[in-house]
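# Survey of secondary and tertiary structure
Listed below are the residues making up each chain.
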Amino acid sequence: MRLTEWDGKAALRRHGIAVPEAVPWREGAPPAGWDGAVVKAQVLEGGRGKRGLVRHAAGDLAATGAAIRAALGDSAAPLMLERPVAAARELFVALRVDGTVQAIEAMVGAEGGVEVEEAAPPVRWHLMPEHPDAAGEALRALRDAFDPPLAARLARLVVRLARVMAAEDLETLEINPLALTADGGFVALDCKAVRDDAAAFRHDPQHTALSAELEAAALTPLERRARREGFALVELPGGRVAMVTAGAGLGMTVLDLLGDAGCPAA
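These lines cover the structure that appears in this document, whether it is placed above or below. (Residues numbered from 1 in each chain as written. Predicted model: local features only at pLDDT ≥ 70, side-chain atom pairs only at ≥ 80, totals over all residues. Heavy atoms only, no water.)

### With respect to the pairing of strand β6 (residues 89–98)
Bridge count between β6 and strand β9 (residues 170–180): 7 bridges; the pairing is antiparallel. Bridge pairing in β9 places Leu95 opposite Leu173. By the bridge criterion, 7 bridges tie β6 to strand β7 (residues 103–109) in an arrangement that is antiparallel. Across the sheet, residue Val97 finds its bridge partner in β7, namely Ile104. (Pairing = 2+ DSSP bridges. Helix = DSSP H or I, 4+ residues; strand = E, 2+ residues; numbered from the N terminus.)

Rendered as structure tokens:
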């Protein structure tokens with residue numbers, strides 16, 4: 001399950017990771033006392049900044065929310081209001097389960113933000129969060145890319161985030177940007193996370209209620225029927241070939257091959 005920023009940050013908060021103060025905003029007038037907040041659409045896909053779905057409400061909060069909802073084409077789309085955080089520097093941190101080596105791969109970049117793809121490649125290494133030397137391995141990976149005090153703090157944070165991943169059964173966790181504040185602290189300004197569906201029974205469904213609601217709303221009737229039958233189905237518009245596959249990587253390759261041959265997958 002892909003998690004909304006609201007649900008992902010709630011998971012970080014449960015484990016003591018600093019996130020900005022925030023409130024949800026569904027329908028009706030915006031909550032009082034949040035003038036000047038950052039208004040963020042709660043959607044399951046990325047690229048919100050480039051799509052105008054994250055905006056600073058410098059003036060009329062209601063007008064800012066209405067503009068974001070208009071861009072989404074949904075007058076009742078869920079939003080989040082967040083207190084701005086002054087960042088002395090923005091960094092990039094991401095972790096994913098690497099099934100090939102059966103470990104977590106960590107990625108830390110010296111620059112974060114909307115154009116992170118244009119920045120220098122991040123530092124990458126594998127770690128096991130419960131290994132006695134996990135923090136030491138992280139420090140050795142980071143010390144050539146960051147000054148010693150920052151490298152040490154980042155190393156400890158990455159290990160903490162890897163433990164959050166294990167506790168929350170996450171397949172991926174991305175914080176972009178990660179704010180470094182003037183006092184040397186870290187604040188997760190954004191959060192993208194994916195939870196392993198097979199582990200859902202271990203977690204309170206209320207913790208991911210918004211994500212589940214948006215995921216269910218995006219399903220077509222045929223996809224919803226497939227879910228009830230216990231398997232995953234993706235319905236593609238304009239396709240002519242039914243494709244059955246046992247792996248995402250193989251599936252995407254075959255999908256491309258079918259498209260190149262003029263037989264788009266349905």
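### As for the pattern of salt bridges
Two side chains of opposite charge can pair, provided their charged atoms sit close to one another. Scanning the model with the defined rule gives 20 salt bridges in all. In this structure, Glu82 and Lys40 form a salt bridge, with 2.8 Å as the shortest nitrogen-oxygen distance. Placement of Glu82 in strand β5 (residues 79–82) and of Lys40 in strand β3 (residues 38–41) is noted, with a sequence separation of 42 residues between them. You'll find Glu82 and Lys40 in the same group, each marked buried. The closest approach of N and O atoms between Glu168 and Arg195, which form a salt bridge, is 2.5 Å. In this pair, Glu168 sits in helix α4 (residues 148–168) while Arg195 sits in strand β11 (residues 192–195), placing the two residues 27 residues apart along the sequence. Pair check on accessibility: Glu168 and Arg195 agree, each one buried. (Salt bridge = Lys/Arg side-chain N within 4 Å of Asp/Glu carboxyl O. Buried < 20%, exposed > 50% of the residue type's maximum accessible area, 1.4 Å probe, protein only.)

### Here we look at the packing of aromatic side chains
In total, this model carries 0 aromatic pairs according to the counting rule given. The ring of Trp34 has Arg83 sitting right over it, with the charged end atom 3.7 Å from the ring centre. (Phe/Tyr/Trp six-rings, centres within 6.5 Å; stacked < 30°, edge-to-face > 60°. Lys NZ or Arg CZ within 6 Å of the ring centre and 35° of its normal.)

### Focus on the sheet that holds β5
Read across the sheet, 4 strands follow the order β2-β5-β3-β4 without closing on themselves; strand pairing throughout is antiparallel. Two strands close off the open sheet at either side, each with one partner strand: β2 (22–25) and β4 (54–56). For this sheet, the mean angle separating the axes of adjacent strands, direction not counted, is 20°. Inspection of the sheet shows β3 paired to β5 by 4 bridges, in the antiparallel sense. Looking at the pairing, Ala41 lines up with Leu79 of β5. Most of the contacts of helix α2 (residues 61–72) go to β3, to which it runs at about 20°, and overall it touches β2, β3, β4 and β5. (Axes fitted to C-alpha atoms, helices over the stretch in contact; angles between N-to-C directions. Contact = heavy atoms within 4.5 Å.)

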